[in-house]
Structure formats: C-alpha cells, structure tokens
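Results of the structural survey
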Number of protein chains: 4
Amino acid sequence: MKQLNIGLVGYGFMGRTHSNAFLQAPRFFDLPYVPVLKAVAARNEERVKKFAENWGYESHTSDWRDLVNRKDVDLIDIASPNDTHHEIAIAAARAGKMVMCEKPLGRNAIEAKAMTESIEQAGVPNTVWYNYRRVPAVTMIKELLDEGRFGRIFHYRAKFLQDWTISKDLPQGGEGLWRLDVSVAGSGVTGDLLAHNIDTALWLNGPIVEVTAMTETFIKERTHNLTGKVEPVGIDDASAFLARFENGSLATFEATRYARGHKALYTLEINGEHASAFWDLHDLHRIQYFDHRDEGRVRGWRNVHVTDGDQPYMKHWWVPGLQIGYEHTFTHQFADFVEAAARGRALPPTFRDGLATDRVTDAVLKSAKSRQWEKVEC
Amino acid sequence: MKQLNIGLVGYGFMGRTHSNAFLQAPRFFDLPYVPVLKAVAARNEERVKKFAENWGYESHTSDWRDLVNRKDVDLIDIASPNDTHHEIAIAAARAGKMVMCEKPLGRNAIEAKAMTESIEQAGVPNTVWYNYRRVPAVTMIKELLDEGRFGRIFHYRAKFLQDWTISKDLPQGGEGLWRLDVSVAGSGVTGDLLAHNIDTALWLNGPIVEVTAMTETFIKERTHNLTGKVEPVGIDDASAFLARFENGSLATFEATRYARGHKALYTLEINGEHASAFWDLHDLHRIQYFDHRDEGRVRGWRNVHVTDGDQPYMKHWWVPGLQIGYEHTFTHQFADFVEAAARGRALPPTFRDGLATDRVTDAVLKSAKSRQWEKVEC
Amino acid sequence: MKQLNIGLVGYGFMGRTHSNAFLQAPRFFDLPYVPVLKAVAARNEERVKKFAENWGYESHTSDWRDLVNRKDVDLIDIASPNDTHHEIAIAAARAGKMVMCEKPLGRNAIEAKAMTESIEQAGVPNTVWYNYRRVPAVTMIKELLDEGRFGRIFHYRAKFLQDWTISKDLPQGGEGLWRLDVSVAGSGVTGDLLAHNIDTALWLNGPIVEVTAMTETFIKERTHNLTGKVEPVGIDDASAFLARFENGSLATFEATRYARGHKALYTLEINGEHASAFWDLHDLHRIQYFDHRDEGRVRGWRNVHVTDGDQPYMKHWWVPGLQIGYEHTFTHQFADFVEAAARGRALPPTFRDGLATDRVTDAVLKSAKSRQWEKVEC
Amino acid sequence: MKQLNIGLVGYGFMGRTHSNAFLQAPRFFDLPYVPVLKAVAARNEERVKKFAENWGYESHTSDWRDLVNRKDVDLIDIASPNDTHHEIAIAAARAGKMVMCEKPLGRNAIEAKAMTESIEQAGVPNTVWYNYRRVPAVTMIKELLDEGRFGRIFHYRAKFLQDWTISKDLPQGGEGLWRLDVSVAGSGVTGDLLAHNIDTALWLNGPIVEVTAMTETFIKERTHNLTGKVEPVGIDDASAFLARFENGSLATFEATRYARGHKALYTLEINGEHASAFWDLHDLHRIQYFDHRDEGRVRGWRNVHVTDGDQPYMKHWWVPGLQIGYEHTFTHQFADFVEAAARGRALPPTFRDGLATDRVTDAVLKSAKSRQWEKVEC
C-alpha cells in the first residue's frame, strides 16, 4: 500500500495529539495510505530530538524549511504557534505538499486569505484542525440537522469557559505560554477558544451575518516569560458577542479564561422549531436531544450516550457504553483526511472554512473596538 | 356544601403536613366537602393549644378519645407515633369515623391486621399516608406501567438513604426522636423508610413473594432522651433485602440512616422489556424514562420535568416548569381521599394495602434474624 | 394581634400565587400581623365572585377603585396586567395604602418613575413581586456573595428560556394571553422574563452600566384573541444583551419563548476570583457552588441541596432533603413584607428597585433599535 | 533499552484493547522496557493473520503453545475466552514467562487456585486485567480511602447494568457470543460483570466475609450459534447479592444484562463516617465526593472532573478538562505492569487477587443455589 509521508512542524500539545492520531488511525480505520512519521521540525534541537525518539519519527530538524524541501515528504502538518502558520502553509502549498494546519488558520483573516489562495492555487488536499467537529456527539448533531429534524432554527448558543489565567502571577509568552502573547497568538480567547465555537457553529448553523461584541483584559500587565519585564497584556481575556445568522436565528457566544470552576467547558445548544440539542465537552459522549414530536406526557430531553456502533465513528472503537476521549477527535480527522486525500480532495474544515472563521473573529474584535454591529466579510 | 369535620391526633412533623393539606386542598381542588379543622389532640396541653391556634383548629384536647367520642367529628386523622396507631384506629373505626392513618399502619403485621379487620368491618373510608404515591412523577410512572408500556418486568430497585443518625452523641427516644426507640417505632429504618419503598413497589410492581435480608445496628448504645440512661439501641440502623416479585422480577431494596451525604434520597427504578423509569425524591419533579422503541440513534433516557397540565395533579397548580414540593403529596392524598369518601370508598393505599406493606417488613425483619429466605404472608 | 387587611387586584395566575401566600404565611411564619383577605377586585364580575369564594375573600368588586377607597383595607396588592399597575399603584399610594405590585413595575421606566415617586412621597411600605430573590437557593447565593467569598467578580450570565409561543396558531391578547399584546404588556420577553433576570442580577452583582442588545419577533402576525383580526405582533419574542456592570464584570443575558424544550428555564451563574455559583429554576433547590480554595485534588462543583434548617427560609418548612416549590417564594416575600411593614419599612425589591430594572429593560429595548451600546439611566 | 517481547493469545475485543495498550503506553509513559509485539496466537488462521497485520505483530500462529515455547517471548498475554485461561496460564508460568491474564482469572476458584499456585511457584510477574482499577477516577477514590478521609465505612454499593441480551432471538455461543455459553464462560453476569464490581470492592473496601445471593435466567432457551440447536441457557442473566465486609460494612451488589436503557453502567458508592464517593462508568472522568467536614451551609456532593495533572495518571495525557477513555485503563495497567516487572514484581490485581474475586463469585453462585448465606473462602 502507498505510504503517506508526514512532516510535522511543532512538538507542543498539538504535536502530541497529531502524532498520536498518525499512529492510532491505521489500527482502527481502514486507511488507503500507510502513514509514515517521516520527520519532525521544531526550533529547539534537543527537544525535537527527544520528541522524534518518543514518537518514532524517522528524522528531525530545527528548520521547518527542510521538511518543505524534502521530496519524500507528502504532507506538511503545522502544529507550531499561530504566528508561523502563514509562512509555512504558503511555502508548503507552493511545494505541492498536502497541508494540515492547526487552528486558527491565520492570526487574522488577511493571513488566512493569503493561505487559502495559495492552497487553492496549488490544488492540494488541506484541512484545518478544528477537531471538535469530530467528537462523535457533535458529528451526530450535524447529521440530525442535515436530516431536517429541527425545522426553522431560532437560537444558537456557544460558550468556551476556562479559568487557568486568573492568577496575576502567571507570566505571558514563551514555551507553553505563547497563547498569552498577542504578537504570537494574534488574539486571546477570541482566536484560541471562540474560534472553535465559531467553526462548529458555521458548520451546524450556516453563515453569520453580523455581530456585536465586547472583550476585556482583566489583568492589564504581566511579566513576560522571555524578557522578564512587566509588559502590558495585549490579548483579550474574555470575549462575548451577539450574532445573527443568515438563517434568521439569533446567537450568543462567550469565551473566557476567567470563569472560575470551568476547565475547558465548551458547550453548544441549538433550538429549532421541532427539536433542540445540547452538547458539553466535559461530558463529550452525550448529547441532550429534545424532540417536540415525542408524545407530550413523556416528552423530555433525551440523554443520549453516543457510544453505539450506529453513531458516528463509534463502530471503529469498543462496545456500547464505553467511551473514547479527546484525542480521538484528531484520529478521526486524520483518518477522514487520508480518505479525502486519496481522492484528491480537501477535507472540511478546509482552509476556506478556516478563513470563514477568521473573518468572524476579525469582526468580533473589530466590533469590540468600534462598539458597533459589524458585518462579517464573505 | 357539606362539611367534613376533622379531628387530628398528633402535632409533630406529620401533624403539620396534614394540617397544611386540609387548608390547601380546597383552594386548589374542587372538593365535594368543605374540610373543617374541628379539633386536635395531643398529650402535651401547652403545645397542642399552640398548635391549634397556629393552624386554626377550633378546639384541642390532651386525650384523643375525646375526638373519637365527638359526634361532630367525621374523620380521625392519626399523626401520632407508631405505637398509638393501633388503639386509636380501632376505636375510631368502631365509632364509625373515617380514618386516615400515618404509616406504617402498625408496628407489625399483627397490629395492622387487627386494624384492617376493624376498619373493613366498620366499612368506613380509610387510607394510609404513604404520600409518595402522589408525587406527580411517581403517579405518572404508575400510569405508564398501567398503559402496558414496559412489557415484562425484569428488575426493580429502591433505596431510601439518610445520614442523620451517624453521630454517636444523638440520644434515642422522646419528642422528635421516638423513631429511634424501638418500643415506640416498632423497628428502625425498616418500618420508617423501607416501608415507603415497599408501598410504592407493591403499587407499581405487584406482590413480593419472598425476601432475604440483612439489618445492622451500627451504634449499639445511646443515651435515652427521657430516662437519661445509656441503653441498648433496639432499632435497625440499616436494612437491605433481595426480593422476588410475583411477576418474576428481581429486586434490591436498601434503607439506612448511615449513608453520608444523603438527606432523604428515596430512589426507585423499574426495568421492563421495552421501557425503564427512574425517580429520585431529591429531584422530585423529574422522571428519567427510557423507551427502547425510540429510534436507535437518538435513543436515550428522557429527562421528563413533570410539571405540565397533562401530567398527574399538575393542572391544579401553576404553569409548566414551575415546581411544587413535598407537602403537596399530602394535599393530593387528602383531595383524593375526600373525593373517594364522598363516594363511600376507601382510598388506596387503604388499610389493607398498609397491612401488605407491614407483612413485607415483617418478613424482612424475620429473614434478617433467620438468615433464610422468608415468604411474605398474603 | 393587629390585622392586616388585604385588597387584591387581579385574579389570574398571580392572583392565585399571592392569595396562597396570604393564607400559608401565617401558618409557617410568626407574623406580627394577621393577614385578612378583605376584598378582591377584577373586571369580570362572575369570575371575581368565584375567585373570592374559592380563596375566602370576604368581598369582591369589579372596580379596583373600591379597594383604594375602603378605609378597612390596609394593603393594595396589584396582580393585574402590566398596563394597570401605574394608575392603581399611584392611587393606592395617594390613599396611604401599603402597596405590593407585580413585576415589571411599569410598562417602562417613565411609568415606574412616577410610581416610585408617588410611593416614596406617601412613605408607605411597598415591594415589587420579583419573587425569585426568595428561592432559598438564590437567597443563599446572595448571602455567600455578601460574605465576600467570591472576590472580584468577572462574569455574570442569566437566561430565561421558554418555548410556549412557537406555534403560529397561538393568538395574541385577551384573557391569559395579554403577555403577547404589547399595548398591555409593554414589551415581550424583555419585560416578562429578562426583568426577572435583571432584578436578581442587580441584587447579586450591583448596577449595570451599559448594554448592547438585539431583539427579534419571529412570528410577525397573529390573530388577536379579542378582535379576531390578524394583526402585527408588537412584542419581542426573544431578547439578548451583553452588559458591563459597575464592578467591572461582563455579562450575557438572554430570554426567549422560542427555545424548544425549555419550559421556564431561568438560570444564573456568577464567576468570581475565588468562587462561582450556578442556579437553575428547574432544579430550584440546588445551587452548584465552586470554591477554588478547596483542596485541589478533590475540588469540584458542590451540588448543594438547599433544604437544611440553616439555609435560607428552610427552618420554617420540613426536614432536610424535602423540597418546597415555586409558590413558596411568594409566601417568603409576603412574610418578609409583613415583617418590614410592621417596622414601617419598604421591602426590597422596593418600587425604587423595580424602577432600576425597568431602566435596564428600557436600555435593552433602546439598544435593540439603535444598534448601539446604550447607557443605563441611574 | 531492553525489549519486552509480547506474545498475545486471542484477537477479540480484549486482544484489541491490549494491543492498543502495548502501542500507546511507550508514547505516553517513560517505560523501562520497549514493548515489542512479537506474536499473536488464535485458532482462526485467516483472522489471526489479518489481526497481526493490522496491529503490527511480527508473527502469528494458530496454536498458543508456539508462543509459550518461543524463547524470544517474555510475556504471555491471555485475551482468549475464559475456558482457555487455566491451561495457558499454567503452561506459561511453567515456561517462566510473565503472564497477564484477562478476567475472570478462572471459570471458578478451583481453576484460579491452580493458576495462582503455578504463577507463585514460578515467581514471575503477573497481573489480571481488572482494568477498572485504573480509571483515574477510581484510582483516586482508592487514594482518598488510603488517606483515611472516610473514617469507619458503613456501606458499599455496586452495580453493573447492561441490556444487550433482552431479545429472545439472540443466539448463544461461538465467536463474539461465547459469554452466553456457560461451558466457555463459567457463568453469566456473575463472572463477566459482578467480577469487575467485586475486584474493585475488595481493593477499596477489603475482604468480603459472607453473601446471600439470587440469580435468574430470564430466557431459558436459545439457539446455539455453532450447533444451530435450541438449547437450555446455562448462564445467569442477572445476579444480585447482599454482603458483609470484614470491616463491618454492609453491601449490595447487582449485575444484569436485562436493565433496559443501560449499556455498561458500572457504578460504585462507598459511604463512610466522614465522607462518601460515587463513580459511574458512563461518566468515567467524574467522581462525586461528599465530605461532611465541609462547612455545613455549602456542603454538597462535589462533582470532581478528574482530568488534572495532580490526579491519577492524568499528567501523562492532555490538559485539564480533556478526557481520556475506556482504552486508557488498559494502557495504564500495562504501563504499571512493565514498571513492576522491571523490579521483578507482580502487579495488583495479581493472580492471588484474581483468585480472591473468584472465591466471592463462587460463594455468590453457591448461595443462589443453597438459598443460604455462604461464607467466602479465604
């Protein structure tokens, strides 16, 4: 069977989730290619060496350009900080490589647009790692919507609540903390967390037309981890917006790292004329599903434990009642990507889908400054 | 409209729940009689006077026989400790009064049998205050069962878990603590808590054929509140049993006052071939209902908030989503009793139903001693 | 003991909850006055007569002015539709009556301001029936906040979700449906539902400075129940806003009658530096409480069943684990009102508090039109 | 680094979970040996070949004796049906191999005793795959107990509820259905499900002294999948027992495959003098923890999401809030096994622990027949 030679850029949190997916996918899915962990690139030589050994990459380098230049690399997977996505993706596309890119696609829609144009010009398979689309429960909500069960949609709600930056003593910037450095990350929770909510929302509920937003930076100054200086905090600690979708529904979105008690509480709810659904990342295997067409007296939110073989992706895993976890969303996306790539196709969320999300986050940040409703570019 | 003159015996916890029911029922239900709080009897003169004033009883006495002897009392309501039920109920029945009696009917089936024979001989309307049958959610489970939705029943489970007697310093006996004095109460959690579970179970799932049980007294000695002496504890602190029902289903029952963290956690679950239901007193307005005939992919436990007008009793109260509470179960039972009484009928759970429960608790206590399976008398 | 003679205006849903409170409060609370149900007024003579009989009012009338003019009425309780609050309250205040008024205080802040000025000029005890402050769980959150357990507040969230107007066939206006008639109600969910959320929020988290809002009317035309004509719908079916509080915290609020599956889902959450709390009307006896100062490994949201004697109001009711319901919030407010009235004081939420809420709802409706952030008048 | 050469027997459900563990453990844990998937044995040649290819085993065979005889195999992992455990484990022990054996250890305590004696005589590292001990939440309950937080234990409860055999049309025996064939499985839910509950219970709460039990076979005859004949069903479909532990606590245990609506609902609860804990396999990342020493007013069951780095095993995986799944329990056990093996030790649950569980299940089955309390052999 043909090999799919992978060159990974980055060895952080996402480098691990992707590598695990490359290894686990062929055991559980019948893939058209054999994934080969060809090489990994990252700036710190010692660490990248250790990472390569741990995960079984055949080689490693401190310069991502080496990967792009190698003829024996088919796929460039970008898992490095946000400020590197743009340059790597465009170089990889020009070199004719398939590209998988961590989210958000760019630090803003300008970067994302250039990346999307490059990748489409190259015509190579591509995807953005908005992994939550492939939680089986979330995928199932999409299926239920596509089947027309909900009728006219009235409301959409999404939140992503964390609490890990409340301490004033937390520094910003550098290894593991670049998400707090606006020059690297592009924005705070808007790009890091809301982007996830938005990608899923656009997928489930269609385009967003306009938004009104507010953002806040609760802690105004932090010590920078690399410089050791106390510097202004450039990121948004919290971000919330109201939105109107093209289908006429109304929405509220909120993300924060200051919601005491919540670790990674991504929730979504959609209310239609006939049915509603709710999902919560902390109980990722369940959906709460309400169908008004159920007999009135015993009508209620159905607590559906999405672990059966007829529910998305689950036939590949264990038996009913037994859960999979966070990492499997990446395994699913990689398996789907390989499948699509074998047919020469991009896998949604494609770069163009990633651009759509960046346009919404741009509108959110713009509205937070302008104090006006802002249209989302399309 | 004809009056229903009530004579209450007892002014404790149950005296209050009953009195509230007498006052509240005519405002929310269209009763055939006007309840009149004619008199209350209890041993402590000062307290019974204060109680009468607070609740608007026309008169009070320290001797319950006065109530039985009054011609202008139609109904004797027994809310005094367990050791008094037997004598009062029989006297009241002989005097031709309607009788409502707190649970358990007797301290044992011998007492209960005599009471039942008296009341049936007198032919007067009667009921036992197993109030949990009239939680709207529980009533609805009964309706769903009667409609044949569950198919063959395989399993029944019931628990009543409390934690209020864990402290060694808690005395036994006397005002407010007679439930810990075996001579007054008859037994411990078996008669106090399991009796509730059993009454509901017999109602929902039919007769119990046989049981194997264990009981335990964790704290062996306590100071008696009245005598001041340290005395052996005669009651069972915990009681559990396995049972087989006449319909072939298997059951587990458990009650205790040593389950740290649970205040009054009465739960029940019934599993049938086609459907299952679960209820929990701490969320008394919900049932969890599972119907296997639901479409597979979106099948799940339905969380039904039993507050709609087409659900039992709820049309008498507020609007969907708004809850009633514990006390309303008594109001419902009283309203139903008046309705039945106007037609000359006893209201289930009748004395005979109360006797059936006492026979099960007797078998449980007997099995705990004999270490054998024991048949339930019928 | 001195009597408190009550004159009630209105016999609808709220007329019932108030009447029940008048009857039940003296049985469970040690009140300084004896409430007397003196008279009830409502336009429909036949119905008001029947209502008076059912609830035991001594008299009834079809003209509320009769109540205001009676010397033997001490308290005017306004439970009639929103468009009547203004005139009745001012007349009652001028007549020197105590006044309890259903929420929202006015159809808008102009009405509410006039009412507040009248009542303060008269110096009579007054309150607005924002009953949810007196759910024991909600009252306890207030206590915990006042004790300083939360530290700096970062976030507040509130929702009130219903689904009862989704059908296009539902008419607007008239008996039981005046909430859909903008001329009577003043607004839709903004005044009916969000007003509840806002009152609680102002109480728990202090003043709101500014808002940006959106409203929507999903069904544009409905048959008017009284005229029989198809007419434009004037109310807002859904209303959501972002807010900034004076204390620097950020908030999201949302109310709708188009959230399929939710009957009366009022939820609130507050996130502070050290602690967070969550409450949900459908499980009204619980708070979810998170305290970051708990030991890390066993830190979690505490599911607190607010039914113990040391928790607000509960010593007046049953025993731990046993719930009260929706109606008790009115009983609590009435008991507190009588207590305050005996000391010549207004009871929060006073008319001035009601005005504060109307100013927020006015800002919300204004922002929904202006598409701007709007300051809340103070 | 030294290799650990693995020979797996069986390619079913458990063959997959074990193989995944062998592959995933070295990526996430710092193991003292490098696991090598040396060979896999199973009866069906075609299938074992395919399995070997999929999982990357270097070789395969249709005779497990080949593995035992190979010098280059260090560890025999038994994942074949219950009736094969006995012979393979003893042969492997005699050949000086390390042994990992699926649960239950034997079909009964006689087999298990012989296996335990063999393995102890050989002195080789061994373990039984009672994987649920290594759900992070369950491991944490053990830690909390060992820290003495619970005080005297009063109650233990465990259930394992499934519903997959309710249909009368389900055949028994053969590939994927050997669990329904008593000659292969040894028993029904007692050995398959209750054994899990018992292993965890013995670990958390110490030895069980005596039991009284009931079992039931609801469907008396089924078509045998291999013979095509309708044959009596020999297994127990449901099994429940009451137990007394050596520490004086009382317990209820129940397992069934006839609890409509439950897929794999393993729950456990332990109630101590000071604290209680509850766990549920369907929400495997949470424990409900109650500590009576918490301040009374805000005391409640703490919903602890066990995903932080200071909670068992979680520092090896992702970040707080992100879940792992069922399969990881095997990965944990394998990682712990390799660690123990490097130090020459057996890993609990050892064969001796597996024997202890088989002695309890034997007592349960004996009691169900004798209708007596039965002592557990020790």
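Summary of the structure given here. Per chain, residue numbering runs from 1 following the sequence as it is written. All chains are assigned letters beginning with A, and all ligands numbers beginning with 1, in the order in which they are written. In keeping with the predicted nature of the model, local features appear solely for residues at pLDDT of at least 70, side-chain atom pairs appear and are counted solely at 80 or more, and the whole-chain, interface and lining totals rest on all residues. Hydrogens are left out, water is left out, and the side-chain values use all remaining heavy atoms of the structure.

Sheets are built from strands that pair by backbone hydrogen bonding, the pairs being arranged parallel or antiparallel. Residue and element names in this part refer to chain B. At least two bridges found by DSSP between two strands are what make those strands a pair. Going along the chain from the N terminus, every DSSP run of H or I of four or more residues is numbered as a helix, and every run of E of two or more is numbered as a strand. Taken in spatial order, the six strands line up as β3-β2-β1-β4-β5-β6 in an open sheet, and their pairing is parallel. Of all the strands in the sheet, just β3 (59-61) and β6 (126-128) have a single pairing partner and so form its edges. Recorded for the sheet is a direction-independent mean angle of 20° between the axes of neighbouring strands. Between the N-to-C directions of two axes lies an angle of 0 to 180 degrees, each axis being a line fitted to C-alpha atoms and, for a helix, fitted only over the stretch in contact.

The next point concerns the relation of the copies chain A and chain C. Both copies of the chain are related by one operation, a rotation about an axis with a shift along it. Superposition of the copies used a least-squares fit over C-alpha atoms from residues whose pLDDT is at least 70 in both. Take chain A, turn it by 180°, move it 0.0 Å along the axis, and it overlays chain C with an RMSD of 0.0 Å. In short, the pair behaves as if placed about a two-fold rotation axis. Judged by C-alpha distance, Q372 of chain A is the residue of chain A that lies nearest the rotation axis, at 3.0 Å. In what follows, a contact means two residues having at least one pair of non-hydrogen atoms within 4.5 Å. In this assembly the copies share their binding face: 100% of the residues contributing to the interface of chain A also contribute to that of chain C.

Take empty space enclosed by the protein next. All names here are of chain A. Definitions used throughout: a 1 Å grid over protein atoms alone; a cavity as a set of points that fits a 1.4 Å probe which cannot get out; a pocket as an open set with protein on both sides within 12 Å along at least five of seven lines; a lining residue as one with an atom within 4 Å of a point. Grid points are joined across faces, edges and corners, and a volume is the space filled by probe spheres set on the points. Applying the stated criterion across every chain, the model contains seven cavities of 30 Å³ or more. In this structure, the largest cavity encloses a volume near 80 Å³. If you go around the largest cavity, you meet 13 residues; those closest to its centre are G106, R107, S187, G191 and T361. The greatest single-element share of the lining of the largest cavity, amounting to four residues, is contributed by helix α10 (residues 351-370). All amino acids are sorted into three groups, where Ala, Val, Leu, Ile, Met, Phe, Trp, Tyr, Cys and Pro are nonpolar, Asp, Glu, Lys and Arg are charged, and the leftover types, Gly among them, are polar. In terms of residue class, the lining of the largest cavity is built from three nonpolar, seven polar and three charged.

Moving on: the interface of chain D and chain C. Tallying the contact residues gives 19 residues for chain D and 19 residues for chain C. Once two parts are brought into contact, the accessible area they lose, counted with a 1.4 Å probe and summed over both, makes up the buried area. Between chain D and chain C, a total of about 1600 Å² is buried, with carbon and sulfur atoms accounting for 42% of that surface. A per-residue breakdown of the area chain D buries against chain C is headed by R297, V298 and R302 of chain D, which together make up 46% of the total. The salt bridge criterion pairs a side-chain nitrogen of Lys or Arg with a carboxyl oxygen of Asp or Glu, the two atoms within 4 Å. In this structure, the connection of chain D to chain C is made through eight salt bridges. Residue E295 of chain C is joined to R149 of chain D by a salt bridge in which the shortest nitrogen-to-oxygen separation is 2.6 Å. Identification of polar contacts relies on pairs of N or O atoms within 3.5 Å, with a donor-acceptor requirement for protein atoms, meaning one able to donate a hydrogen and the other able to accept it, and with residues adjacent in sequence counted only if both atoms are side-chain atoms. Scanning the region where chain D abuts chain C turns up 12 residue pairs in polar contact (both at pLDDT 80 or more). Mapped onto the side of chain D that touches chain C, the elements with two or more residues apiece are α6 (136-146) and β16 (301-305) of chain D.

The two copies are related by a screw operation: chain D maps onto chain C through 180° of rotation and 0.0 Å of translation along the axis, at an RMSD of 0.0 Å. The fraction of interface residues of chain D whose copies in chain C are also interface residues reaches 100%, indicating that both copies meet through the same surface.

All names here are of chain A. Strand order in the open sheet formed by six strands is β3-β2-β1-β4-β5-β6, and the pairing between neighbours is parallel. Single-partner strands in this sheet number two, and they are β3 (59-61) and β6 (126-128). Pairs of neighbouring strands in the sheet enclose a mean axial angle of 20°, with direction left out of account. Judged from the four bridges that link them, strand β1 (residues 3-9) and strand β4 (residues 75-78) form a sheet pairing that is parallel. Looking at the pairing, V9 lines up with I78 of β4. Most of the contacts of helix α4 (residues 82-94) go to β4, to which it runs at about 175°, and overall it touches β1, β4 and β5 (98-101).

Moving on, we come to unusual backbone geometry. P348 of chain B connects to P349 of chain B through a cis peptide bond whose omega is -5°. Mapped onto the elements, P349 of chain B comes out in the loop between α9 (328-342) and α10 (351-370). Cis geometry marks the peptide bond from K103 of chain C to P104 of chain C, where omega comes out at -10°. Relative to the assigned elements, P104 of chain C resides in the loop between β5 (98-101) and α5 (109-122). One non-glycine residue, Y313 of chain B, lies in positive phi territory at about 70°. Along the chain, Y313 of chain B turns up in the loop between β16 (301-305) and α9. We note that R371 of chain D has phi near 60°; this positive angle belongs to a residue other than glycine. Its place among the elements puts R371 of chain D in the loop between α10 (351-370) and β17 (374-375).

Among the secondary structure elements, S276 of chain B is positioned in strand β14 (residues 275-280). With a 1.4 Å probe rolled over the protein chains alone, any residue whose accessible area is under 20% of its type maximum counts as buried; one over 50% counts as exposed, and the rest are partly exposed. A relative accessible area of 0% means that S276 of chain B is categorised as buried. When neighbours within four sequence positions are excluded, S276 of chain B is seen to be in contact with F150, I270, N271, Q288, Y289, F290 and W301 of chain B together with R260 of chain D.

Our next topic: the interface of chain A and chain C. Every contact between the two is made by 44 residues of chain A and, on the other side, 44 residues of chain C. Interface area, chain A with chain C, both sides summed: about 3800 Å², of which 54% is carbon and sulfur. For chain A, the biggest contributors to the area lost against chain C are M214, R260 and R371 of chain A; these three give 20% of the whole. Across the salt bridge formed by E210 of chain C and R371 of chain A, the nearest N and O atoms sit 2.6 Å from each other. Taken together, the links from chain A to chain C amount to 25 residue pairs in polar contact (both at pLDDT 80 or more).

Right, let's get into the pairing of strand β12 (residues 250-256) of chain A. All names here are of chain A. Within β12, seven of the seven residues are buried, which leaves it mostly tucked inside the rest of the structure. Burial along β12 is two-sided: the face carrying L250, T252, E254 and T256 and the face carrying A251, F253 and A255 are both buried. Judged from the seven bridges that link them, strand β7 (residues 153-161) and β12 form a sheet pairing that is parallel. The residue of β12 that forms the bridge with A158 is F253.

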